[in-house]
Number of protein chains: 2
Amino acid sequence: MKKVAIIGVGQTKFTGAQGKTSVELFAEAATDALQEANLKPKDIQALYLGNMVGDFEEGQCILPGFAADNIGAAYIPATRFEGACASSTIAIRDAFIWVASGFYDVVLAGGVERAASMGTALGTRTFAMACDRSYESPTGLTFPGAFAMLAHLYSVRYNIPLRRLKEQMATIAIKAHHYGALNPKAQFQKEITMETVFNSPMVCQPLQLYDCCPFTDGAAAVILASEEKARKLTSKPVFIIGIGQSSSGPLSNQKEYLPRIRSREISSQQAYKMAGISPEDIDVCELHDCFTIAEIIASECLGFFEYGKGGEAAEKGETKIGGEIPINLSGGLKAKGHPVGATGAAQVYEIVKQLRGECGERQVEGAKIGMTDTLGGYGNCLSNLILQRGW
Amino acid sequence: MKKVAIIGVGQTKFTGAQGKTSVELFAEAATDALQEANLKPKDIQALYLGNMVGDFEEGQCILPGFAADNIGAAYIPATRFEGACASSTIAIRDAFIWVASGFYDVVLAGGVERAASMGTALGTRTFAMACDRSYESPTGLTFPGAFAMLAHLYSVRYNIPLRRLKEQMATIAIKAHHYGALNPKAQFQKEITMETVFNSPMVCQPLQLYDCCPFTDGAAAVILASEEKARKLTSKPVFIIGIGQSSSGPLSNQKEYLPRIRSREISSQQAYKMAGISPEDIDVCELHDCFTIAEIIASECLGFFEYGKGGEAAEKGETKIGGEIPINLSGGLKAKGHPVGATGAAQVYEIVKQLRGECGERQVEGAKIGMTDTLGGYGNCLSNLILQRGW
C-alpha cells in the first residue's frame, strides 16, 4: 500500500448554537484545508464526511453530496459516515484506504455537527440513540448516565474511594480548561479551579457539570494525498502510519471488560501494530474525553498508564506538557468542545498542528508522533489514528 | 489491486411493516450469506452497513456495532453508510476497496431498513430529508413531487405527449409486477394490467399509485473476499469488476442536465471504464426504479438506450428477458420492494443469483456480466457496480 499524507487541515471556531447550516460550516473548514494544501475544489477526487444527526437536527440526510456541490466540487463521490461521536474518524480512516490503495490521489475528509443548535435537553435525548434501542434506551439510559455508571464501576474495581476519584476527575477538567484557554478555536477559553468543578450542578452522580463536555457546533476538514502528490504540494506533510477500528454491542455484552473499553484496546493495538510502535512512542495524544472519567479510562486502554492509575498520573501532571504523555492540549472535548460528527477530524487537526510545530503556547516541543482516539457510543464505534511528521 | 469476489449473498423476504428490529433483520440476511460462503461469524473481518433512517424510525444510531455483536462478530470494525436509497451500494463499494487493497480478506456488507414500519405519511416526509434542506424541503418538495417534475420535464424535453409517456411508464410497472410475481422474496407477487395502473389513485400528477414503489421492511447482505479466499470457499464466485460513485447538489444546480441524472452518467462511466466494457456488454441490470419514470431515465443514463427512447424500448419488450437488456427481473423497487438502506445490497443479491444461474423462471440464460444502479435522493448519492461470473 502507498504512504498517505495529510497535506492540509481546517477547523471552524467551535461554538455554541450559531446560524450556519452544516453545509456552510463544513465549507468553512474545507476551504481552509484546501488553502493550506494549495489545492482548488476541482482537485478533490472524493469526499468522506462524518455526521451523526444532521437529519434530526436540521432535516438533512445525504449531506455530503450537498456539501461537495457547495464547495465547488460537484459530482465527486461523496459518502456520509455515522459512527456517533467517532463519525469523522472512521471517515478519515476510510479516506486513508482509498488513497493507500492507489485508487485516489487527493481526497477530502472531515466532519460537521450542529450539536449545540439542538439544545441540551433534546441533544441528550437524541444522542442517547447511540445506546442499544432494544434494552438500554427504554430504561432511560443517556450518556451522562452510562459514564456515571462507569465511574462507579471504576471506583469499585480499582478500590479508589469516590471522593478521591472525583478529585482526579476534576484534575482532567482543570487541565482541559487550561489548554482550552490557549486555543483560539476552543469553545471555552477560561481557566477553572477545583472549586469550579465541585460547585457546579450535579448532572448524574458522580459527574458534575464540569465533568461533562458541552454540545458544540463546528466542523473540521483534512486533505489526504498520496506521497507523490504530497511532495509536490507541501513541505510539511504528516503521514498516517497506523489506523485502527473496532465496535461493540450493548454495555451488558461488554461486562467482562468494563470499565475498560474493549473496542479501544483492540483498535489501538491494531494502530500500534500497523505503525510498528508502542504507546511509549506517542509524543502527543488527543483522546475522547466526553466526560472526565472517560479520559482516565482512555489513557489506560491506550496503554499509557496501568489500569486504575490514569487518574493518579493526571494528578501528577503526566498528561500535561512536560509529562509522560501530553493529552488533549487542544482543550479536548471538555473545553475545545464536542461537535459530535466533527470531533475526530478536529482531533486530527490538533495533532497535525502539533506535529508541524504550530501550536504556540500549547506546543509539545519536537513532537514527531501523535495519536487520536475517538469513541462512538460507549465503544460501539471506536477508531484510532497514528500520525507521524514527514521528511 | 486484488480481484474481489462475492462469495455469499442473503436477503430477507421483503415485506410491509413487521416486528423485527433492524439488528434482527440484518442478522437474518447475514446468516444466509455466511452459510452460502461456508463461513462462521468469527471469519468476518469487518462490516459495512447501509441504513438511512434507523435513528428516526426505531431510535438506533451507530447500528453496525450492535449488528456485528448480534451475529456473533463482536468487536470487528463496523461502519454505517448513509447515502439515502444508495446507502448499501456505497457500503459494498467501500467494502470492495478494503479487500482490493489487501487490507482485509473477508468482509460482510449490506443494508437494512424498516421503511414500511415508518408508515407511508411519515415515511414520505422523513425520506424527503434527502432533498436540500435550505431551499427545497421548505417548499414542501417530497420525492413523488420531484419525480413527477422530472416526468413533466421528460415529456417536454423529448416531445412525448404526457398520455403516451404515462403508457410507457405503465409498461414498466406491469413488467415489474410480472417478474415480482416470480420472485418469492418480493413484497408484491401479483400481476397487474394497464387498467390497474390507470385506475389507481393519483399520487402526484402524472404519477399514479402504481407508478410508485412501496415502503418496505427488509435487509440484504453480501460477503466479499479476496480471490485467494474465494478459491477456497466457493465454486461459484462473482467478481466485482467495476465500481462507480458520484454525487450532486440541489435539483436547481443540476438544471443544465435534467431530466438526465448527471451523477448517474458519471458514476456508470467510471464503472464501465474500470471494467473495460460498454453498456452493450451488460447481460442483466438491476436499476433504481423508485418511480416508473425513474427506470426510463436510468435506462438511458446508463447507456442502454438513446435519450428519450427508454420508454419506447420498454414498450417493445427490450427490457424483458429476451430483449436487448433485461432490467429489474427481481421485480425492482416497484414490486420486490424498497427497504431504502437495503435496496442496493438486494440489487447485488439478484445480480449474483442471475450470474450463478439460480433465478428459475426469471433467469437470463447464460448471463455473464450484470450491473446494479442505485440512486440516493435525485442523484445526490449515486453508485454503480458491475459484476462478472467467475472462472
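This one's a predicted model, so the numbers in the text were calculated from it and none came from an experiment. (Residues numbered from 1 in each chain as written. Chains lettered and ligands numbered in written order. Predicted model: local features only at pLDDT ≥ 70, side-chain atom pairs only at ≥ 80, totals over all residues. Heavy atoms only, no water.)

A. Just the overall build of chain A, in detail. For chain A, the helix and strand inventory stands at 14 helices and 11 strands. The C-alpha atoms of chain A give 19 Å as radius of gyration, which agrees with the globular expectation for 391 residues (21 Å, within 12%). Counting across all 391 residues of chain A, residues that qualify as buried make up 68%. For chain A, the proportion of contacts with a sequence separation of at least 24, taken over those separated by at least 6, is 77%. For chain A, the accessible area works out to roughly 12,000 Å², and carbon and sulfur atoms hold 51% of it. Across chain A, 37 positive and 41 negative side-chain charges occur, with their mean positions spaced 2 Å apart. (Helix = DSSP H or I, 4+ residues; strand = E, 2+ residues; numbered from the N terminus. Rg over C-alpha atoms; globule rule 2.2 N^0.38 Å. Buried < 20%, exposed > 50% of the residue type's maximum accessible area, 1.4 Å probe, protein only. Contact = heavy atoms within 4.5 Å. Areas by Shrake-Rupley, 256 points an atom, 1.4 Å probe, with all protein chains shown as cover. Lys, Arg positive; Asp, Glu negative; His and termini not counted. Charge placed at Lys NZ, Arg CZ, Asp CG, Glu CD.)

B. Broad picture of helix α10 (residues 262-275) of chain A. Residues and elements named next belong to chain A. With 14 residues, α10 extends 20 Å between its outermost C-alpha atoms, agreeing within 8% with the 20 Å of an ideal straight helix rising 1.5 Å per residue. Those residues of α10 lying buried are Ser 263, Arg 264, Glu 265, Ser 267, Ser 268, Ala 271, Tyr 272 and Ala 275. Its buried side turned inward, α10 meets β8 (238-247), α11 (292-301), β10 (369-376) and β11 (381-389). Gly 276 lies just past α10 and shows a positive phi near 70°. (Expected span 1.5 Å × (residues − 1).)

C. Structural view of the environment of Asp373(B). Residue and element names in this part refer to chain B. Inspection of the secondary structure assignment puts Asp 373 in strand β10 (residues 369-376). Take Asp 373: its relative accessible area is 0%, and that puts it in the buried class. A sequence separation of 11 residues divides Asp 373 from Asn 384, and the C-alpha atoms of the two residues are 4.6 Å apart. With residues near it in sequence (within four places) discarded, Asp 373 still touches Arg 264, Glu 286, Leu 287, His 288, Ala 298, Leu 302, Gln 347, Leu 382, Ser 383 and Asn 384.

D. A look at helix α14 (residues 343-356) of chain B. All names here are of chain B. For α14, spanning 14 residues, the distance from its first C-alpha to its last is 20 Å, which sits close to the expected 20 Å at 1.5 Å a residue. Most of α14 is tucked away: 14 of the 14 residues are buried. The positive-phi residue at the C-terminal boundary of α14 is Gly 357, with phi of around 75°.

E. Seen up close, the interface of chain B and chain A. Each partner contributes residues to the interface: chain B has 58 residues there, and chain A has 58 residues. When chain B packs against chain A, close to 4,800 Å² is buried across both sides, 58% of that on carbon and sulfur atoms. At the junction of chain B with chain A, the criterion picks out four salt bridges. In this structure, Glu82(A) engages Arg80(B) in a salt bridge whose closest nitrogen and oxygen atoms are separated by 2.7 Å. On the surface where chain B and chain A come into contact, there are 28 residue pairs in polar contact (both at pLDDT 80 or more). A breakdown of the residues in the side of chain B that touches chain A according to their chemical character gives 29 nonpolar, 19 polar and 10 charged. Where strand β3 (residues 78-82) of chain A and strand β3 (residues 78-82) of chain B come together, three bridges link them in antiparallel fashion. If you follow Glu82(A) over to β3(B), its bridge partner there is Arg80(B). (Buried area = accessible area lost by both parts, 1.4 Å probe. Salt bridge = Lys/Arg side-chain N within 4 Å of Asp/Glu carboxyl O. Polar contact = N/O pair within 3.5 Å; in protein donor to acceptor, adjacent residues only side chain to side chain. Nonpolar A, V, L, I, M, F, W, Y, C, P; charged D, E, K, R; others polar. Pairing = 2+ DSSP bridges.)

F. View of the relation of the copies chain B and chain A. With an RMSD of 0.0 Å, chain B superimposes on chain A once it is rotated by 180° and translated 0.0 Å along the axis. Such a combination of rotation and displacement between the chain copies is what one expects of a two-fold axis. A symmetric contact is evident, with 100% of the interface residues of chain B recurring at the interface of chain A. (Least-squares fit on C-alpha atoms with pLDDT ≥ 70 in both.)

G. Quick peek at the pattern of salt bridges. Overall, the coordinates contain 42 salt bridges over all chains when judged by the stated rule. Note that Arg260(B) and Glu265(B) form a salt bridge whose closest N and O atoms lie 2.6 Å from each other. Through salt bridges with shared partners, a single network forms among Glu36(A), Lys236(A), Lys353(A), Arg356(A) and Glu358(A).

H. Looking closely at the confidence of the model for chain A. Residue and element names in this part refer to chain A. Here chain A averages 97 in pLDDT, and 100% of its residues register 70 or above. Strand β9 (residues 284-286) holds the highest mean pLDDT among the elements of chain A, 99, whereas helix α5 (residues 120-127) holds the lowest, 90. Predicted complex metrics record ipTM = 0.98 and pTM = 0.98. (pLDDT = per-residue confidence, 0-100.)

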